Amino acid sequence: MTRRWPILAGGLAAVVLAPLALIVFVALAVIGASPAMGCTISPPSVSPGATAAPKDWPGQGSWTSEQVSNAAVIVSVGAELQVPRFGWEIAVATAMQESTLRNLAHLGTNNDHDSLGLFQQRPSQGWGTPEQILDPRYAARKFYERLVKVDGWQTMPLTQAAQAVQRSAFPEAYAKWQPEAQQLVGLISDGMNIVCTSDGGDGLPPLDDAGLPDGFLLPADPQLRAVVSFALAQRGKPYVWGAKGPDSYDCSGLMMTAWAKGGVQIPRVTADQVHTGIAIPSLAAMTPGDLIFIPGSDGTMSRPGHVGLYIGTDHGGRQYLVQAPKTGDVVKVVAVSNWSHQVAGIRRPLLRRRQPST
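Notes on the structure in this doc start here. (Residues numbered from 1 in each chain as written. Predicted model: local features only at pLDDT ≥ 70, side-chain atom pairs only at ≥ 80, totals over all residues. Heavy atoms only, no water.)

1. Some words on the overall build of the protein chain
Put simply, the rule is: Strands here are runs of E lasting at least two residues and helices are runs of H or I lasting at least four, both read from the DSSP assignment and numbered beginning at the N terminus. Each residue's exposure class comes from its accessible area (1.4 Å probe, protein chains only) as a fraction of the maximum for that residue type: buried when under 20%, exposed when over 50%, partly exposed otherwise. What makes two residues a contact is simply this: any of their non-hydrogen atoms within 4.5 Å. All accessible areas in this document rest on Shrake-Rupley with a 1.4 Å probe, and a residue is counted as covered only by the protein chains that are shown.
Along its length, the protein chain carries nine helices and eight strands. By the burial criterion, 51% of the 358 residues in the protein chain qualify as buried. For the protein chain, long-range pairs separated by at least 24 residues make up 65% of all intrachain contacts whose partners lie at least 6 apart in sequence. Put simply, the protein chain shows about 16100 Å² of open surface, and 56% of that area lies on carbon and sulfur atoms.

2. What about the nonpolar core?
Applicable threshold: What we call a nonpolar core is a set of buried Ala, Val, Leu, Ile, Met, Phe, Trp, Tyr and Cys residues that are connected through their side-chain atoms within 4.5 Å.
Membership of the largest hydrophobic core comes to 46 residues, with the highest contact counts inside it found for Ile74, Trp88, Ile90, Val92, Phe119 and Tyr144. When contributions to this core are tallied by element, the ones reaching two or more residues are helix H1 (65-80), helix H2 (85-99), helix H4 (136-147), helix H5 (158-166) and helix H6 (178-191).

3. Topic: the packing of H1 against H6
For the record, the criterion: Every axis in this analysis is a line fitted to C-alpha atoms, fitted for helices over the stretch in contact. Angles between the N-to-C directions lie between 0 and 180 degrees. When an angle is under 35 degrees it counts as roughly parallel; over 145 it counts as roughly antiparallel; between 65 and 115 it counts as roughly perpendicular; any other value is oblique. Each residue is assigned to one of three groups, with Ala, Val, Leu, Ile, Met, Phe, Trp, Tyr, Cys and Pro labelled nonpolar, Asp, Glu, Lys and Arg labelled charged, and all others, Gly among them, labelled polar.
With their axes 10 Å apart at the nearest point, H1 and H6 run at an angle of 75 degrees to one another. It follows from the interaxial angle that H1 and H6 lie roughly perpendicular. Residues Val68, Ala71, Ala72 and Val75 of H1 lie in contact with H6, whose contacting residues are Leu184, Val185 and Ile188. Residue classes in the contact of H1 with H6 are distributed as seven nonpolar, no polar and no charged.

4. A few points about the pattern of salt bridges
Here is the rule we go by: Any Lys or Arg side-chain nitrogen found within 4 Å of a carboxyl oxygen on Asp or Glu counts as a salt bridge.
Per the stated rule, a full pass over the model turns up 11 salt bridges. Across the salt bridge formed by Glu89 and Arg85, the nearest N and O atoms sit 3.6 Å from each other. Of the two residues, Glu89 and Arg85 both sit in helix H2, four residues apart, roughly one turn of that helix. Each of the salt bridges in this network shares a partner with another, and the network as a whole consists of Arg141, Lys142 and Glu145.

5. Some thoughts on the side chain of Glu98
The cut-off we apply is this: We call two N or O atoms a polar contact when they sit within 3.5 Å, provided that within protein one can donate a hydrogen and the other can accept it, with sequence-adjacent residues counted only if both atoms are side-chain atoms.
With respect to the helices and strands, Glu98 occurs in helix H2. Residue Glu98 is classed as buried on the basis of its relative accessible area of 1%. A distance of 2.7 Å separates polar atoms of two side chains, one belonging to Glu98 and the other to Tyr174.

6. Examining the pairing of strand E5 (residues 306-313)
The condition is simple: When DSSP finds at least two bridges between two strands, those strands are taken to pair.
Burial analysis of E5 places seven of its eight residues in the buried class, which makes it a mostly covered element. Summarising the sheet, E5 and strand E6 (residues 319-323) pair through four bridges and their orientation is antiparallel. Looking across to E6, one finds that Tyr310 is bridged to Leu321. Two successive antiparallel strands, E5 and E6, enclose a turn made up of five residues, where Gly317 displays a positive phi of approximately 90 degrees.

7. Structural notes on the sheet that holds strand E8 (residues 345-348)
Within the open sheet, the six strands sit side by side as E3-E8-E4-E5-E6-E7. Their pairing is antiparallel. Where the open sheet ends on each side, the last strands, each with one partner, are strand E3 (278-279) and strand E7 (332-335). Pairing analysis gives four bridges linking strand E4 (residues 291-294) to E5, with the strands arranged antiparallel. For Leu291, the partnering residue across the bridge sits in E5 and is Leu309. On top of the sheet, helix H7 (residues 222-233) reaches E5, E6 and E7; it is set at about 110 degrees to E5, its chief contact. The strands touched by helix H8 (residues 251-261) within the sheet are E4, E5 and E6, with E5 carrying the most contacts at an inclination of about 50 degrees.

8. Considerations on the side chain of Asp202
Mapped onto the elements, Asp202 comes out in the loop between strand E2 (194-197) and H7. There is a polar contact of 2.7 Å between the side chain of Asp202 and the side chain of Lys326. Leaving out residues up to four positions away in the same chain, Asp202 has contacts with Ile294, Gly296, Ser297, His306, Gln323, Pro325 and Lys326.

9. A short note on the environment of Gln273
Summarising the element assignment, Gln273 is placed in helix H9 (residues 270-273). For the pair Gln273 and Met256, spaced 17 residues apart in sequence, the C-alpha to C-alpha distance is 8.6 Å. Residues within four places of Gln273 in sequence aside, it is in contact with Ser252, Met255, Met256, Ile266, Pro267, Arg268, Leu291, Phe293, Val307 and Arg347. A polar atom in the side chain of Gln273 sits 3.0 Å from the backbone oxygen of Ser252.

Given below as structure tokens:
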């Protein structure tokens, strides 16, 4: 599939999308996840008597309302089918490349064969009738159905997974859209308040709480002391996917809330936290409060899905972290050595220090 029309750059403004009316998705056929995973859309506030979502979404940067609305359809179908979030990003990036998120009918002499719709799917290649392909929900569903049949798609680079579905003449073209797809998917999923529950987590065998290291001392720096002490005070609270306290946490929710206690706002999800602050080159260079990332049960070394907070060492120099491990487990302290063979990244959120009084 090849695009023969101008590409609109999609710089995104970080604004909050209007919430949709209450929708709870019950998938007719779950195609993308384990039986333990499910997604719902449930905005925190809904006008009394509201029964339908607004037709249009506000534009984002140079993406128009029409384009964002089409992306929202792609994301919502992915959630309905319980496809993991990475699949939504693949689908949105693909539609960005193929149609600039426009539901294109036949373009006459500019058409690429009989390609139609958001994904430029071709009736002659078994994607459906022209009328079906021009239905954005149908087109998105067909994309996901083929995506999840690609062996190992969740661990592939985005462009490779997209190409496995699309068979484009330009297989590397999808890669350039990944950052914008991630941002737009994040804005849409936040605006729709999509909540997915999963048995994901650290992907490791169960580990006992190691307790505080022998001779452990909180950091002397007041800001780091606030971050680490808060995280440690949550020990024993259950892991709940999507939770950010005060009674339960998932891995990134614990990190976000702990760093907020130090006066620093970091992103909500692991996929964004892995880009926050500055990179730390090695475990030996860590200081308390640093974020340590591993693939976890549903990520990769290039796209980690799990995070913990480094707290310091014991008398012998052994390093420890605090984390919310997985469904059925609780916030606990474990030795960093349990993670050392699969560390995908270490980040240090930038510290905000008080200005000296004058």
